Amino acid sequence: MSRRQDCTGHLSEEFKKGVMEFVDFVERNPTVIDSLGRILCPCTKCKNRIRDEIFWVEKHLCDRGFMEGYINWTAHGEERWVEQDATNVTQEHEEEITNPYVDMVIDAAGDNLNVMEGLEEDPNPSASKFYKLLRSADEPLWDGCTKHTILSAVTQLVNLKSEFNMSESCYNRMVAIIKSMLPESEKLPEDFYRSKTMI
């Protein structure tokens with residue numbers, strides 16, 4: 001995994017074989033593949049934060065290599081390695097519990113997303129808006145809700161409107177009824193305009 005290039009500077013056969021073994025392993029673990037056929041990309045740039053189709057993940061790995069230290073493929077279905085001696089644990093990476101709506105926002109940002117760790121200054125207005133969207137992707141629909149975030153609820157409702165060709169007034173009426181059924185701490189946008197703006 002760490003020897004991507006051979007002595008001539010070309011992609012080594014050993015590395016190509018390793019990438020194919022990784023892809024085969026992932027394809028045998030369908031639980032790590034989302035409904036759009038995407039998996040977390042462990043390349044040096046994506047670092048298991050961004051999902052992509054297997055073809056593109058394979059290309060990223062050949063172009064950039066695996067992220068440093070990712071030898072136990074826990075985010076791709078491999079069991080966590082633990083030595084027999086319970087006091088020693090082989091190098092582990094916490095399996096990231098990903099929110100598909102956070103992934104969606106990151107995917108939408110695409111190459112414009114340039115996250116710099118340890119940034120001291122305040123983000124510009126565009127970045128602030130993006131980070132606000134990321135926070136709302138993880139904010140529960142109401143206090144104590146564990147099944148839906150604001151963004152997951154809004155995207156499902158807007159998708160329903162599109163799928164069944166609902167009018168705006170029908171959507172607004174449906175949302176008003178849903179809001180009346182939710183606890184007082186609910187944070188669902190009150191109409192189609194605000195929902196669309198959020199998305």
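Residues numbered from 1 in each chain as written. Predicted model: local features only at pLDDT ≥ 70, side-chain atom pairs only at ≥ 80, totals over all residues. Heavy atoms only, no water.

A. Looking closely at unusual backbone geometry. In this structure, lysine 47 is a non-glycine residue whose phi angle is positive, near 50°. Topologically, lysine 47 is positioned in the loop between strand S1 (38-40) and strand S2 (51-53). The partly exposed category is assigned to lysine 47, whose relative accessible area is 38%. Of note in this structure, asparagine 165 is not a glycine but carries a positive phi near 50°. (Helix = DSSP H or I, 4+ residues; strand = E, 2+ residues; numbered from the N terminus. Buried < 20%, exposed > 50% of the residue type's maximum accessible area, 1.4 Å probe, protein only.)

B. Region of the structure containing the packing of helix H5 (residues 150-163) against helix H6 (residues 168-181). Across the interface, H5 lies against H6 with an axial gap of 10 Å and an inter-helix angle of 140°. Crossing of H5 over H6 shows right-handed handedness. Each of Val154, Leu157, Val158, Leu160 and Lys161 in H5 lies in contact with H6, whose residues at this interface are Glu168, Tyr171, Met174, Val175 and Ile178. In terms of residue class, the contact of H5 with H6 is made up of eight nonpolar, no polar and two charged. (Axes fitted to C-alpha atoms, helices over the stretch in contact; angles between N-to-C directions. Left-handed = near helix turned anticlockwise from the far one by under 90°. Contact = heavy atoms within 4.5 Å. Nonpolar A, V, L, I, M, F, W, Y, C, P; charged D, E, K, R; others polar.)

C. View of the packing of aromatic side chains. A complete count under the given rule lists four aromatic pairs for this structure. Residues phenylalanine 15 and phenylalanine 66 carry aromatic rings whose centres are separated by 6.0 Å and whose planes lie at 70° to one another, so their mutual orientation is edge-to-face. Of this pair, phenylalanine 15 sits in helix H1 (residues 13-27) while phenylalanine 66 sits in the loop between helix H2 (54-64) and helix H3 (100-109), and the two are 51 residues apart along the sequence. Consider the rings of phenylalanine 22 and phenylalanine 66, whose centres lie 5.4 Å apart with planes at 85°: the pair is edge-to-face. Remark: phenylalanine 66 occurs in the loop between H2 and H3 and phenylalanine 22 occurs in helix H1; sequence separation between them is 44 residues. Looking at phenylalanine 22, the relative accessible area reads 0%, which means it is buried. Residue classification places phenylalanine 66 among the buried residues on the basis of a relative accessible area of 9%. (Phe/Tyr/Trp six-rings, centres within 6.5 Å; stacked < 30°, edge-to-face > 60°.)

As far as function goes, none of this settles anything; it's purely spatial.
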